[in-house]
Amino acid sequence: MVEAVPNVAHCLVTQFVLLLEHLCSALLYPDEALKASALYVWLQVFRAVGGSSAKSLPVAIRDRVCVLLRQTLANAGSAKLIKNSVGLLWLLVQHGETVSVLMNSPYTPTMWDQNTNLYNNSSQTLSQNSERQCTEQCQLPLILKQLLLSADETLQVASAKCIASVLVHSPSQYCAPFIKADVPEFLFDRLASANSEMMLWSAYSCLVLLTEDPLFFSQCHSIYGVESLVHSLKEALQMSNLEVHKQGLLLLTLILERQPPSVRLLPSAPVFVAVSEAVVAGVSSPCLLVATQGASAASALFRLNHQSLPVQYREIERLVEAVSSRFSELHLLSSGRQRSSGSVKRSGLSKKAFRSEGFLLQALVCFQAACRLAEECASDPVLKENVFTAPVKTSQTEDSLESLCHCLLHCCDSVWIPTVTRMCERAANPHILQKFYSILASQFSLLPRLMPLFANKLSSSGFYRLTLEHKGLFCAASRNVELNASCCDFLQKLSMCLLPQSEAPSESHQQDVEEIENLLLHNLPSLCCPLSDWPSLLYENPGPQLSEHSGPRSTQYCLVVILHLAFQQGDRLLPDQTVFSSVLWLLHSVQEQVSCVLPRCVLRSALYLLAVTQDNSPSLDRTPLNCINTALSSCQSFSSLYVHHPALLHFICRYPELAEKFGAAVLELWLTKQTRAVTDVAEPGGETKEDQTQHQKPDKETVDLLNLIEKYPAVVITLLDMLFVRQPPLADRAYAVLELLLQGERKYELDLCAKVRPVLLKALRQFSLEMAGRALGERRPKETVNSLPLVLKLLCVTQATDPPLTSSYSKMNELHFKLLYHVSNIAGRITSTNTESLLPALNYLYCGLSLCPEHCTDRAVSMLLSNSGLMDQLQTLLSSSSSSSSSSSAPYVSPSLQPPSSLLCCSHLLLSSLITLQHAHTAQVHRSIGWSLDTAVQRLLLQKRSTDNLLLASNLRLLQALLDVDLESGLVSVTTGPGLVGPRPLGFQDGALYPLGFRGAQCLTIALSGLLFQKHELLLRASVNCLSSLLGFLQRKSHITAKYVVCHPWTRFLLCCLIGPGESCLVHPAILRLITLLLKHSSTAVPLEPDLLRVMEAVEKTGVKELSQEASQAFRLLLTQVQSSVLQPPLTEEHKLRLRKMLEELSLQTPAQSSTSTSTSTVLHVGDVSVCWSDFTLMTPG
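Treat the numbers as computed from the prediction; the structure is a model and nothing was measured. (Residues numbered from 1 in each chain as written. Predicted model: local features only at pLDDT ≥ 70, side-chain atom pairs only at ≥ 80, totals over all residues. Heavy atoms only, no water.)

1. A look at the overall build of the protein chain
Right, so step 1: Within the protein chain, the regular secondary structure consists of 58 helices and four strands.
Right, so step 2: In the protein chain, which comprises 1182 residues, the share counted as buried stands at 54%.
Right, so step 3: Considering only contacts within the protein chain whose residues lie at least 6 apart along the sequence, 77% involve residues at least 24 apart.
Right, so step 4: A total of about 51700 Å² of accessible surface is found on the protein chain, and carbon and sulfur atoms cover 53% of it. (Helix = DSSP H or I, 4+ residues; strand = E, 2+ residues; numbered from the N terminus. Buried < 20%, exposed > 50% of the residue type's maximum accessible area, 1.4 Å probe, protein only. Contact = heavy atoms within 4.5 Å. Areas by Shrake-Rupley, 256 points an atom, 1.4 Å probe, with all protein chains shown as cover.)

Next up, the structure:
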C-alpha cells in the first residue's frame, strides 16, 4: 500500500504517529523477516515523501529509528535484512541531524547471526562482532567497515557512499572515528581489488574527505595505501568515466600535498617512478579537466620531501615534457570575444577557452614547482651529484640535475614563453603572469652559463617592454602585490645578467654592479606607471634626496639604466628624440642641484643613450655640450664610462668640443677592445690562411672605424698619434686601420697620403735625432715607445698607395726626397739584426728608387750612394748571406745570426737598382760593396731546393743587373773563385768572360734552365731576364760561347719540356720571350717544326684578343724574329701568309682590347717584401 499510494506515507507521518511507534517496535523482534519488512516500510516512507519525512517525524521517533537501525544492521544475518538496512541508512545519512544521532549513540553489545548466505551463495554473512569496543566509541564506523569486508561489491559501494555522506556533513568531527576504526586501510584494500567505476569513485571520495584530518597521516594510512592508490589510478585512467579520473588524481594530489615532510611517502625509486607514471597518464588525458588535476598532482609530486634517493631527474623531465606537450591543444579566449559574448560560459568554445586557461594556470604552478625543486637540489651537494645513482647506469648525463635544468630551459624557451605571450596578446591574466614571471626569474639560477644568451633573447624579444607594461596595467595603486614582486625579480635578474655585456672591464666594475643592483632593488617596485609617463618622470626636478638608493631622483636613475639595457638589445621603450631630450634635461637638472652627484653607472647609461639616439635628434649647441662636457669630466677615468658601440665613437667625434678632450680616449678604448678580441681568437704558430683572409676582409669594428674616418677625417691624426706614443698591440691596431684606410678604395675629401706623409716625416726626424743622440752616448728614456717599425711600415703603405710616379710626386718632390733621406740615415744606423725596422726601411728605399721618375733618379741614387752607413749595412747583409751559403770550408755562422730571407731579398733588390742607376748616371761611389759571384752561382745551382723562391728571384735580379754592366760596377766589387774560372794563367775564354769564366757560364746556364722548371711567376720572369742578360754578356765578350750555350743539347731539352705540357705554357709571355731570345742568338736553336708551329697554333686556338698586353707584345716580337731569321727548313708561302695575318691582327689590337696586365708602377706584396713589378717586367731582346 505504501508503494502503490504515495499519500499513505505522508498520512503515516502526519496522522498515525502511534502506528509508526509500533513499527519501530517491530525492529526489536528476533524474526529477521519481520525486521526486513518493517525496514522496507520505513524505507518506503522516507523515500516516498522525497526525504521531507525525516524532518516531519517527531524527533524521538526519528532518533529511535536511527538507533534501532544501527542495532539491526549490526546483528543482521539475512541478505534481505542487510539490503533494507543499508538502503535506509543511505537515506538517513543524507541529513545532518540523523548523522549526528547515528554517530553519537552509545554502542549496545549484540551478537550477529552467522547462518544466512548472501546473494546466490557468492557472498558471506556479516561475521560475528568479535571486536568489543568500549561504550564511548562510535559503532557506525565499525559496522560500515564490516560492510567493506563483505564479498558483495554492492554492499562495498553502499558502505563507501554512506561513509562519504557522513563525512561530508562535518569532516573535522567525523573523520577521527573512521580513521581510528582503520577504515582508510580497508578502503585502500578495496582500491587494490576494485574493478568497477562506482567502487573506485566511492572509495576515492571517502579517502579525499578522510585526508582532511591530520590523524590520517599520523597513523601512516597514506604510506600504507599509496601503492594501492597508484595501482587503482592506472586502472581507472583506462576507464571511460572522467569523474573517476579526476577524483583519483585529486586524492593523490591531496595525499602528496598534506603528507608531513618529516615522514617520507615515496622512499624508493620504483614507488616514485610508479607515481610519476600515473601522473603522466593523468596529464596526458584527452580531457583538459583531468589533465589540469594531473598537473596539480605533478606540482605536489615536485616537492623535495617526495623525492627518492637517488633523485629520479629523468622522470621529472618526463612529467615536465608531458605538461608542456599539452599547450598546442589550448584554446585561449581573446578579450574581444569575452566582451562581445553575452554569456561566455554558455558557448562550447568559451568553455574550452576557460578550461584551457585553467590548465595553463595549473601548468604554470607545476612548472614553477619543478624549477623550485631544481633550485633546492642544486643547493644540496648530495642531491646535485646524485651520489646514490647505481654505478651500472649507462647514461648518467640523461638522469642528472643539469639535464633537468636544460629540459626546463628548453621547455620555457620553446613552449611556455610563446604560449603565455600569445595569451597576453589576447587577454592578460594577472595570476598567470605572476607565475610566468616567477618562472622566468628562476631560470637565471639554474644554468648560469647559458643565461647571457637567454637574457639577450628575452630582451631582444621585447620582454622589457612587456614586463613594464604589465606592471603598469595590473600593479598600479598597490594592486597585485605578488605579480609586482615577480616582475621586479625578473627585471632585476635580467638586468644584472645583461649588465656585464655593457660594462667596461675596470676596477670599479663591481662597485657599479652593486650600485645598479641597489637602484633596481629599491625603485623597481614603485615603478608601476605606463611607459608614456616615463618622460614626465625624467623631467621632474625632485629636489634633495633623503635616501641613497630610493626616492624620485633614484627612480630617474633607475629609468635611465633600464632604458640603456633595453636599447642595447634593440628594445626601444621610448622614441629616440624623447630619450635624447630627457637625458639631457636630467644631466642639466643634476648639475643644477649642487648637492647631487650623478653615479658613474648612471652617467655611463646616459652617455650611451645620447650616443644611440643622436641620429634622430637635433644637433647640440654650446649649452648642452658644456653640460655633457662637465658631466664627463666629473669622472676620473673615461674608461669607466666607455661602452663599446660605434654610436659612441660618432657622438664624441661629431662635436669638436668633445673630440678634443675625449676623442683620443674613446679611440684608444675602441682599439683596445678590438685588440683583446683578436688576441682571444688568435692561435699560436704564426699567420694562417684564415688570418690572411681576415686581413683582406676587415672585421666589423675596423669597418666601423673606417666609416668614422670617412665622416670625420680628423680622426686620422689621432690614430697617427697612437702609432707614435702607444705600446703594442694598440699601436699595431692603429697601424692596421691606417693601412686599410690607405689601401682602400673609399673616396675621401682629403688626400690622405698627402696628409699622412708630413706627420711621418716629423716622426722620422725625431727618430734620427734620437739615434744621433744615442750615438753620442745619450741614454734612451725607459718609457720611450719603439714605434719606428710601424712608422716605416706605414710609410711603405703610402708609397704603394700613392707611388712617386703619380701626379702628386711633382707637387711633393722635396717631401719625397726628405723622406728618402731620413729613411736611408735610419737604415744605416740601426743594427742588421733589427729586422723589424730594417726590413720596412729597405723596402721603402728600394721601391722609392725603382719607382722614382727618370728626371729624379740621378739625385736619388747619388744621395743613397753617399750614405756610407747604408752601404755598410748592405755589405753586412750580403756578407752574412755569403757566409751562410758558402762551402763547408767557410766559417760556421749561427742560424740566429743569419739575416732572414726577406731582408736578403730587399738587400738584393735595392742593390740591383743602385747598380743600374749608378751605371746609367755614372754616379760617384763613395763606398764599394764586395759580392761573391761564385757563392751566388752555387746558390742558384746547388741550393735552389732549400732556398725561398723570392730569394732566388732577388738573386737573379742582382745578377741580371751586374751582367748588364758586364760584371764591372763601381758600386759592387765582384769576386770569383776556382769553381767558375780555370787555373791561372787564364785561358782565352776564361779571360774574355772573367770573372764569370767559361765554366761559370755553363753552370749559370744550367742553373737558369733548372729554375725555369719551377713555374713560379716571379722566378720564371727573373730567370728569362737573367738568361737574356747572360746571353747579352756572352755575346759582347765571346759570341762563340753565346752560340755554344744557345745550341747546346740541354737548351733543346729545356725548350721541349717547357712547351710540351699544354697550351697555357705556350702563350705565357716568359716562354714567348725565351723562344725569341734563343732565335735571336741562333736561327737553328728553335726549329720551325714542331716548336714554332705549335706556338702559332696555340695562339690561334686561344685567340689573339684573349692574350694579355704583355703576351701580345712578346708574340709580336717572336713573329718579327721568325720573319728575320733563317730557319731550317725555311718558311713556306703558307707559313709567311699565316705570319702576316697574325701580325695584322696584333697591329689592329689596341691595348684596351687585350687582357689587363699589371702596371709597371705596381708594388706587389710578397710576404713582408715589397716588389716593384717593373723590375720583373720581361726584357726586350736587344
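From this point on, the discussion continues.
2. Here's the deal with unusual backbone geometry
Right, so step 1: Cis geometry is found at the peptide bond from leucine 309 to proline 310, where omega equals 5°.
Right, so step 2: Tracing the backbone through its elements, the reader meets proline 310 in the loop between helix 17 (288-301) and helix 18 (313-325).
Right, so step 3: In the Ramachandran plot, alanine 477 falls in the positive-phi region, its phi being about 60° despite a non-glycine side chain.
Right, so step 4: Inspection of the secondary structure assignment puts alanine 477 in the loop between helix 25 (463-474) and helix 26 (481-502).

3. Quick look at helix 48 (residues 949-964)
Right, so step 1: Helix length check: helix 48, at 16 residues, gives a terminal C-alpha distance of 22 Å against a target of 22 Å (1.5 Å per residue), a fit within 8%.
Right, so step 2: Within helix 48, 14 of the 16 residues are buried, leaving the element largely enclosed by the surrounding structure. (Expected span 1.5 Å × (residues − 1).)

4. Some thoughts on the nonpolar core
Right, so step 1: Counting residues in each nonpolar core, the largest one holds 398 residues, and the members touching the most others are Trp534 and Phe651.
Right, so step 2: The dominant element in this core, judged by the number of residues it contributes, is helix 22 (residues 401-426), at 13 residues.
Right, so step 3: Ignoring sequence-local partners within four residues, the contact set of phenylalanine 651 consists of Phe580, Leu607, Leu610, Ala611, Gln614, Leu620, Ile628 and Leu658. (Core = buried A, V, L, I, M, F, W, Y, C linked by side-chain atoms within 4.5 Å.)

5. Remarks on the environment of cysteine 412
Right, so step 1: Secondary-structure assignment places cysteine 412 in helix 22.
Right, so step 2: Between the C-alpha atoms of cysteine 412 and serine 324, which are 88 residues apart in sequence, the distance is 8.9 Å.

6. Things to note about the packing of helix 14 (residues 221-236) against helix 15 (residues 242-258)
Right, so step 1: Taken N-terminus to C-terminus, the directions of helix 14 and helix 15 make an angle of 155°; their axes are 10 Å apart at the nearest point. As the angle between them shows, helix 14 and helix 15 are arranged roughly antiparallel. When you trace helix 14 past helix 15, the crossing you get is left-handed. Where helix 14 abuts helix 15, its residues Ser222, Leu229, Leu233 and Ala236 lie against Val244, His245, Gly248, Leu249, Leu251, Leu252 and Ile255. (Axes fitted to C-alpha atoms, helices over the stretch in contact; angles between N-to-C directions. Parallel < 35°, antiparallel > 145°, perpendicular 65-115°, else oblique. Left-handed = near helix turned anticlockwise from the far one by under 90°.)

7. Focus: the pattern of salt bridges
Right, so step 1: Per the counting criterion, the structure on display carries 21 salt bridges.
Right, so step 2: Its salt-bridge partner being lysine 234, residue glutamate 277 comes within 3.3 Å of it at the nearest N-O pair. A residue pair is termed long-range when its members are at least 10 positions apart, and glutamate 277 in helix 16 (residues 269-283) and lysine 234 in helix 14 qualify at 43 residues.
Right, so step 3: Judged by relative accessible area, which is 41%, glutamate 277 ranks as partly exposed.
Right, so step 4: Two residues, arginine 572 and aspartate 576, come together in a salt bridge whose shortest N-O distance is 2.6 Å.
Right, so step 5: Among the ionic contacts, a cluster of salt bridges with common partners joins Arg465, Glu469 and Asp571. (Salt bridge = Lys/Arg side-chain N within 4 Å of Asp/Glu carboxyl O.)

8. Topic: the packing of helix 11 (residues 183-193) against helix 12 (residues 197-210)
Right, so step 1: One way to put it is that helix 11 packs onto helix 12 with a least axis distance of 10 Å and a crossing angle of 150°. Here helix 11 lies roughly antiparallel to helix 12, going by the angle between them. Crossing geometry of helix 11 relative to helix 12 is assigned as left-handed. For the pair formed by helix 11 and helix 12, the contact residues are Pro184, Leu187, Phe188, Arg190 and Leu191 on the first element and Met199, Leu200, Ala203, Tyr204, Cys206, Leu207 and Leu210 on the second.

9. With respect to the packing of aromatic side chains
Right, so step 1: Counted by the stated rule, this structure contains 15 aromatic pairs.
Right, so step 2: On the numbers, 5.1 Å between centres and 80° between planes, the contact of phenylalanine 216 with phenylalanine 217 is edge-to-face. Each of the two residues, phenylalanine 216 as well as phenylalanine 217, counts as buried.
Right, so step 3: The structure contains a cluster of three or more aromatic residues connected by ring pairs, namely Phe436, Tyr437, Phe444, Phe454, Phe463 and Phe490.
Right, so step 4: In this structure, lysine 161 is placed above the aromatic ring of tryptophan 90, and the distance from its NZ or CZ to the ring centre is 4.8 Å.
Right, so step 5: Over the face of the ring belonging to phenylalanine 817 we find arginine 859, whose NZ or CZ atom lies 4.2 Å from the ring centre. (Phe/Tyr/Trp six-rings, centres within 6.5 Å; stacked < 30°, edge-to-face > 60°. Lys NZ or Arg CZ within 6 Å of the ring centre and 35° of its normal.)

10. Notes on the side chain of serine 150
Right, so step 1: Mapped onto the elements, serine 150 comes out in the loop between helix 8 (140-148) and helix 9 (153-169).
Right, so step 2: By relative accessible area, serine 150 is classed as buried at 4%.
Right, so step 3: Apart from residues lying up to four places away in sequence, serine 150 is in contact with Leu155 and Gln156.

11. Here we look at helix 44 (residues 854-865)
Right, so step 1: Between its first and last C-alpha, helix 44 extends 17 Å over twelve residues, near the 16 Å set by a 1.5 Å rise per residue.
Right, so step 2: Among all positions of helix 44, only Cys856, Thr857, Ala860, Val861, Met863, Leu864 and Leu865 are buried.

12. Overview of the pairing of strand 4 (residues 1169-1172)
Right, so step 1: Across the two faces of strand 4 the burial is the same, with Val1169 and Val1171 and Ser1170 and Cys1172 all buried.
Right, so step 2: Of the pairings in the sheet, the one linking strand 3 (residues 1163-1166) to strand 4 comprises four bridges and is antiparallel in character. Looking at the pairing, valine 1163 lines up with cysteine 1172 of strand 4.
Right, so step 3: Here strand 3 folds back onto strand 4, and the loop between the two strands holds two residues, one of which, glycine 1167, carries a positive phi near 65°. (Pairing = 2+ DSSP bridges.)

13. Things to note about the confidence of the model for the protein chain
Right, so step 1: On average, residues of the protein chain carry a pLDDT of 83, and 83% of them reach 70 or more.
Right, so step 2: Every residue in residues 335-346 scores below 50 in pLDDT, and together they form eleven contacts with partners more than four places removed in sequence or on other chains. (pLDDT = per-residue confidence, 0-100.)

14. Quick notes on a nonpolar patch on the surface
Right, so step 1: Together, Ile1006, Phe1013, Trp1050 and Phe1053 make up a nonpolar patch on the protein surface, roughly 360 Å² of accessible area in all.
Right, so step 2: Secondary-structure assignment places phenylalanine 1013 in the loop between helix 50 (997-1012) and helix 51 (1017-1037). (Patch = residues over 30% accessible without salt bridge, like charges linked within 9 Å, V, L, I, M, F, W, Y side chains within 5 Å.)

15. A closer look at the side chain of asparagine 523
Right, so step 1: By secondary structure assignment, the location of asparagine 523 is in helix 27 (residues 509-523).
Right, so step 2: Classification of asparagine 523 as buried rests on a relative accessible area of 2%.
Right, so step 3: When near neighbours in sequence (up to four residues on either side) are disregarded, asparagine 523 contacts His549, Ser550, Gly551, Ser554, Thr555 and Cys558.

16. Quick notes on the environment of leucine 254
Right, so step 1: Relative to the assigned elements, leucine 254 resides in helix 15.
Right, so step 2: Overall, the relative accessible area of 11% leaves leucine 254 in the buried class.
Right, so step 3: Spatially, the C-alpha atoms of leucine 254 and leucine 207 are 9.6 Å apart, while their sequence positions differ by 47 residues.
Right, so step 4: Beyond its immediate chain neighbours, meaning those up to four positions away, leucine 254 contacts Val208, Thr211 and Phe217.

17. Description of the environment of leucine 962
Right, so step 1: Examined against the element boundaries, leucine 962 turns out to sit in helix 48.
Right, so step 2: Residue class for leucine 962 comes out buried when judged on its relative accessible area of 0%.
Right, so step 3: Each C-alpha atom, one on leucine 962 and one on leucine 911, is 10.0 Å from the other, the two residues being 51 residues apart in sequence.
Right, so step 4: In contact with leucine 962, not counting residues within four places along its chain, are Ile915, Trp931, Leu967, Glu968, Ser969, Val972 and Val974.

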